[in-house]
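A structural walkthrough
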Amino acid sequence: MSTAQSATQGYFGQFGGSFVPEELQNVLAILDENFQKYKNDEAFNKELHYYFEEYVGRKSPLYFAENLTSRLGGAKIYLKREDLNHTGSHKINNVLGQILLAKRMGAKRVIAETGAGQHGVATATACAMFGMDCTIYMGLEDTKRQALNVFRMELLGAKVIAVAEGQGRLKDAVDAAFADLVTNYENTFYLLGSAVGPHPFPQMVKHFQQIISQESREQILEKEGKLPTAVIACIGGGSNAIGSFANYIEDKEVRLIGVEPEQAASLNEGVPAELHGFRCHVLLDADGNPKPTYSIAAGLDYPGCGPEHSFLQESGRAEYVTISNDEVLEAFQLLSKEEGIIPALESAHAVAYALKFAPTLNPDESIIINISGRGDKDVEQVFAMLK
Ligand SMILES: *Cc1c(COP(=O)(O)O)cnc(C)c1O
């Protein structure tokens, strides 16, 4: 997206902002106005929490992984079970928040980007329930890798557009969705799936995902009588991580740890740059273009990251680490065998780091791993990799 104008608001230190053409800037300003108005609106929040409870099945448990804890020795391990949400991941939290906002704004048509198909399925699900017209942009390569998710979205009544440009991956789907929004903003709401993009998206997605740490904070205080030593979450765009961290950011004694795949480690190996209309750490090639990424977890395949994570890293408040594919596959199997919980490959990154980290702590400490999604979608892929 070209730099035509930059907003003064929506910054996290030097990161974030809104670098988009003027006509899109105006659309985003209206979106921001409505978000600011409704985020503290009593009727809006009542409706959102009604769907969180009755449709998603919140609150999600904070489960003590007793077997894993005794196997590893060290800190008590708690799992925040976002995998138990309807549609199988944390993505539905943000989708419901944004679709209620879309409804308030009078939108008739919802568009979204999707990588692995998880956000597309969550969006198509909510559009089905609310009777909204739904168009999902998905990279052509991804539609081939995730053919079943394409069918799921179509089953839910959505139109899936395969994007052949570029690598035919998530980044290209985002570009196509923004192009659609610029043309059709009068009746269309772009329901972005992660804590990325120009202002106000990172702030808005965090707001709807903070329910994860709002709940986990209460739950851990009830179970342990004190805050955890660390909260660990995987980082794609960074929405499940920022939602898991949000209510602990002021508690300086709680370590916040984001886990990236070695093959898509924008916070560990990227440089500050502009991507999709905002500033964050980006993996660039020699020509200064976003680098192709190849994570075994399709949901983590993004060359950038949420701007607030870039800021939390620079300010030293959060730590970001990487994990190899072999470690992820081991964690995927270990959590399945020890606890009877098959995690998404994305979430298995957070589990993998915890396997190394928990034994370094004392038994009177606790850590929370955010299980962002369930692994049913990945079982076939892991089967092919392991045999
Ligand atoms: C999409 C997805 C992710 C990555 O997205 P974030 O915005 O970084 O949370 C992680 N886990 C699961 C299960 C996902 O579906």
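Predicted, not measured: the structure shown is a model, and the values here were computed from it.

Moving on: the site of the ligand. Around the ligand, the structure places 18 residues, and the nearest of them are Lys-91, Ser-194, Gly-236, Ser-239 and Ser-372. Burial of the ligand by the protein amounts to 97% of the accessible area it has alone, namely 380 Å². Using a 2 Å cut-off from the grid points, one finds that the ligand occupies the largest cavity. Class assignment for the residues of the shell around the ligand results in four nonpolar, twelve polar and two charged.

Right, let's get into the side chain of Thr-69. Structurally, Thr-69 can be placed in helix α3 (residues 66-72). With relative accessibility at 10%, the residue Thr-69 sits in the buried group. What Thr-69 contacts, discounting residues up to four positions off in sequence, is Phe-64, Ala-75, Lys-76 and Ile-77.

Strand order in the open sheet made by the four strands is β7-β6-β5-β8, with parallel pairing throughout. In this open sheet, the two edge strands, each paired with only one partner strand, are β7 (159-163) and β8 (188-190). For this sheet the average axis-to-axis angle between neighbouring strands, irrespective of direction, equals 25°. Sheet topology note: the strand β5 (residues 109-114)/strand β6 (residues 133-139) ladder contains six bridges and is parallel. Counted as the bridge partner of Thr-114 is Met-138 from β6.

Another point: empty space enclosed by the protein. Counted according to the given criterion, the structure contains four cavities of 30 Å³ or more. The computed volume of the largest cavity comes to approximately 390 Å³. Contributions of two or more residues to the lining of the largest cavity are made by β5, α5 (118-130), α8 (170-184) and α11 (239-245). Among the residues making up the lining of the largest cavity, the classes are represented as ten nonpolar, 17 polar and four charged.

This brings us to the UniProt feature "domain: Tryptophan synthase beta chain-like PALP" (unreviewed entry) in the chain. Feature annotation in UniProt places "domain: Tryptophan synthase beta chain-like PALP" (unreviewed entry) on residues 57-373, given in this structure's numbering. Between the end C-alpha atoms of residues 57-373 the distance is 14 Å, and the span holds 42% helix and 20% strand.

Attention shifts here to the sheet that holds strand β14 (residues 366-371). The mixed open sheet is built from six strands, whose spatial order is β3-β4-β14-β9-β10-β13. Every interior strand has two partners, whereas the edge strands, β3 (62-64) and β13 (318-323), have only one. Each adjacent strand pair in this sheet contributes to an overall mean axis angle of 25°, direction not counted. Looking at chain direction, strand β10 (residues 255-261) and β13 are connected through six bridges and run parallel. Within the sheet, the bridge partner assigned to Gly-258 lies in β13 and is Tyr-320. Of the strands in this sheet, β9 (230-234), β10, β13 and β14 are in contact with helix α15 (residues 345-357), which crosses β9 at around 145°.

Bringing the confidence of the model for the chain into the picture now. Averaged over all residues, the pLDDT of the chain equals 95, while 98% of them reach at least 70. Across residues 1-7 the pLDDT falls below 50, and counting only partners more than four positions away or on other chains, this stretch makes 25 contacts in the model.

The volume enclosed by the largest pocket comes to roughly 530 Å³. Together, 18 residues line the largest pocket, and Gln-146, Asn-149, Arg-152, Asp-376 and Lys-377 are the ones closest to its centre. Contributing elements (two or more residues each) for the lining of the largest pocket: α5, α7 (147-155) and α16 (379-386). For the lining of the largest pocket, the element with the highest residue contribution is α7, accounting for four residues. Of the residues assigned to the lining of the largest pocket, the class counts are five nonpolar, seven polar and six charged. In this structure, the second largest pocket occupies an estimated 250 Å³ of space. What lines the second largest pocket is a set of 15 residues, and nearest its centre among them are Val-27, Met-105, Tyr-185, Thr-188 and Phe-189. Secondary-structure elements contributing two or more residues to the lining of the second largest pocket are α1 (22-38) and β8. Ranked by the residues each element gives to the lining of the second largest pocket, the list is headed by α1, at four residues. Considered class by class, the residues forming the lining of the second largest pocket number ten nonpolar, four polar and one charged.

Conventions used here
Residue positions within a chain follow its written sequence, with the count starting from 1. Predicted model: local features are reported for residues with pLDDT of at least 70 only, side-chain atom pairs are reported and counted for 80 or more only, and whole-chain, interface and lining totals are derived from all residues. As a convention, hydrogens and water are excluded, and side-chain values are obtained from all of the structure's heavy atoms. Near, as used in this document, describes a residue that has one of its heavy atoms within 4 Å of the molecule or strand being considered. Every accessible area reported is derived by Shrake-Rupley at a probe size of 1.4 Å, with residue values counting cover from the shown protein chains alone. A cavity here means a set of 1 Å grid points, computed over protein atoms only, where a 1.4 Å probe fits but cannot escape. A pocket is an open set with protein on both sides within 12 Å along at least 5 of 7 lines, and lining residues have an atom within 4 Å of a point. What decides whether a molecule sits in a cavity or pocket is whether more than half of its atoms lie within 2 Å of the grid points. Each residue is assigned to one class: nonpolar for Ala, Val, Leu, Ile, Met, Phe, Trp, Tyr, Cys and Pro, charged for Asp, Glu, Lys and Arg, and polar for all the others, Gly among them. A run of H or I in DSSP counts as a helix once it spans at least four residues, and a run of E counts as a strand once it spans at least two, with each numbered from the N terminus. We call a residue buried when its accessible area falls under 20% of the maximum for its residue type, exposed when it is over 50%, and partly exposed in between, using a 1.4 Å probe and counting protein chains only. Residues count as neighbours in contact if any of their non-hydrogen atoms are within 4.5 Å of one another. Pairs of strands are assigned from DSSP output, requiring at least two bridges between the strands. Here, axes are lines fitted to C-alpha atoms. For helices the fit covers the stretch in contact, and angles between N-to-C directions go from 0 to 180 degrees. Grid points are joined across faces, edges and corners, and a volume is the space filled by probe spheres set on the points. UniProt positions are given in the numbering used here, feature names are shortened, and annotations may be inferred rather than shown by experiment. For every residue, the predictor assigns a confidence score, pLDDT, that lies between 0 and 100.

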